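What follows is each chain in one-letter form.
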Amino acid sequence: MRAVTVRPSAGKSLEVREVPDPVPGAGDLLVDGISVGVCGTDREIVAGGLGRAPRGEDRLILGHESLGRVRQAPAGSGFAAGDLVVGVVRRPDPEPCGACARGEFDMCRNGRYTERGIRERHGYASRFWTVESDYAVRLDPSLERVGVLLEPATVLAKAWEQVERIGARSWFAPERVLVTGAGPIGLLAALLGAQRGLDVHVLDRVTSGPKPALVAALGATYHSGSIEDVASALRPDVVIEGTGAGDVVLGAMRGTASYGIVCLIGVSPEGHRMPVEAGALNNELVRGNIAVVGSVNANLRHYHAGAEALRRADPAWLERVITRRVPLRDAADAFTARDGDIKVVIDLD
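Everything numeric in this text was worked out from a predicted model, so none of it was measured. (Residues numbered from 1 in each chain as written. Predicted model: local features only at pLDDT ≥ 70, side-chain atom pairs only at ≥ 80, totals over all residues. Heavy atoms only, no water.)

Re the overall build of the chain
And then number 1: Scanning the chain for helices and strands turns up 10 helices and 19 strands.
And then number 2: Computed over its C-alpha atoms, the radius of gyration of the chain comes to 20 Å, within 12% of the 20 Å expected for a compact globule of 349 residues.
And then number 3: In terms of its C-alpha atoms, the chain occupies a principal-axis envelope of roughly 60 × 45 × 40 Å.
And then number 4: The burial tally for the chain puts 52% of its 349 residues in the buried class.
And then number 5: Within the chain, residue pairs in contact and separated by at least 24 positions form 69% of the contacts whose partners lie at least 6 positions apart.
And then number 6: By element, 49% of the accessible surface of the chain is carried by carbon and sulfur atoms, the whole surface being about 15600 Å².
And then number 7: Side chains of the chain carry 41 positive and 44 negative charges; the gap between the two charge centres is 2 Å. (Helix = DSSP H or I, 4+ residues; strand = E, 2+ residues; numbered from the N terminus. Rg over C-alpha atoms; globule rule 2.2 N^0.38 Å. Buried < 20%, exposed > 50% of the residue type's maximum accessible area, 1.4 Å probe, protein only. Contact = heavy atoms within 4.5 Å. Areas by Shrake-Rupley, 256 points an atom, 1.4 Å probe, with all protein chains shown as cover. Lys, Arg positive; Asp, Glu negative; His and termini not counted. Charge placed at Lys NZ, Arg CZ, Asp CG, Glu CD.)

Focus on the layout of surface pockets
And then number 1: Here the second largest pocket defines a volume of roughly 420 Å³.
And then number 2: With five residues, the top contributor of residues to the lining of the second largest pocket is strand 10 (residues 128-132).
And then number 3: Looking at the lining of the second largest pocket, its residues break down into eight nonpolar, five polar and eight charged. (1 Å grid on protein atoms, 1.4 Å probe; cavity = no way out; pocket = protein on both sides within 12 Å on 5 of 7 lines; lining within 4 Å. Points joined across faces, edges and corners; volume = space filled by probe spheres on them. Nonpolar A, V, L, I, M, F, W, Y, C, P; charged D, E, K, R; others polar.)

Considerations on empty space enclosed by the protein
It is a probe the size of a water molecule, rolled over the atoms, that shows where empty space is left.
And then number 1: Considering all chains together, one arrives at one cavity of 30 Å³ or more under this definition.
And then number 2: Roughly 40 Å³ of internal volume is contained in the largest cavity.
And then number 3: The leading source of residues in the lining of the largest cavity is strand 3 (residues 28-38), at three residues.
And then number 4: Looking at the lining of the largest cavity, its residues break down into seven nonpolar, two polar and one charged.

Focus on helix 4 (residues 184-195)
And then number 1: In a regular helix each residue adds 1.5 Å, so 12 residues correspond to 16 Å; helix 4 covers 16 Å between its end C-alpha atoms and thus fits that length.
And then number 2: Counting buried residues along helix 4, nine of its 12 residues qualify, which places the element largely inside the surrounding structure.
And then number 3: Among the residues making up helix 4, those that are buried are Pro184, Gly186, Leu187, Leu188, Ala189, Ala190, Leu191, Leu192 and Gly193. (Expected span 1.5 Å × (residues − 1).)

Some details on the nonpolar core
Nonpolar side chains tend toward joint burial in soluble globular proteins.
And then number 1: Core analysis: the biggest nonpolar cluster contains 91 residues, and Leu156, Ile240, Leu318 and Ile346 have the highest contact counts within it.
And then number 2: Per-element tally for this core: the top contributor is helix 3 (residues 150-167), with eight residues.
And then number 3: Apart from the residues lying within four places of it in its own chain, the contact partners of Leu318 are Leu143, Val146, Leu149, Leu188, Leu191, Leu310 and Ala313.
And then number 4: Of all hydrophobic cores here, the second largest spans 16 residues; its members include Ile227, Val249, Met253 and Ile290. (Core = buried A, V, L, I, M, F, W, Y, C linked by side-chain atoms within 4.5 Å.)

Rendered as structure tokens:
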């Protein structure tokens, strides 16, 4: 079968090549791949800055944002041929830390987890793939065109869970949320905020293209000014920060309302330095009872929450988030940025 492969830590090694067909183990689903999403993590792996091949191999099959259809399912698994499924990305260490042992493998403390398509496990960017039935999530059949958005949606399901758990430390009735960044993560953060009935605002640099219209279609408000101006005008109760840009991160912390929550989900480039008045920032956070939390990855309950969020969403809106589809044979094109790109998907069938 054909698969999208790369030699981790080696730039310019992306290749669609023939690899052995997967052999399902006991309890595994055999799945026909439909599509995989491409994100910044994938691009970093392709550039040679991230990723690990399975032990004893020199190439890694990419793809952690999966979507497929079950071809074969073991008896008693709860799945059947024809089911639309997504595979979970992370697996706990065989000798897990306390968090992993309790199913909270997204909060791993010892760092010995593995991840499909990223770290020591082949991904889902192949014509066929297998997945343990315990790490597969069924999707509503209506999501066949857009279910590949589930994995990024799980990241936001977890982020919102973190916000709500922190808010529950005392009375918490948020009204206004500011999402920074209108890429796939930001748009899905806005979607989940709108589904919670909040007044949603999204900040991004661009003023044209599909992003403003996608935000407006959610009933949310789009902004393109500075983080300082937008945050000071809104005084949001919650900020979901998806850019990782240092000035935006600091502006979000400084501009949040008292007893606000800032959830950081964007990864920052390293090596860039900027002056920070740490004392003043500390005073603002302390005196405002402001909480700042980082959030990444997802566990099984977040996958199920994300699947429900996608089921409730307008499928036409989700389809518009996917701005470009690339056939498997041209997979390399998916890693070349184009104007207007939001979510790029590789179709595997």
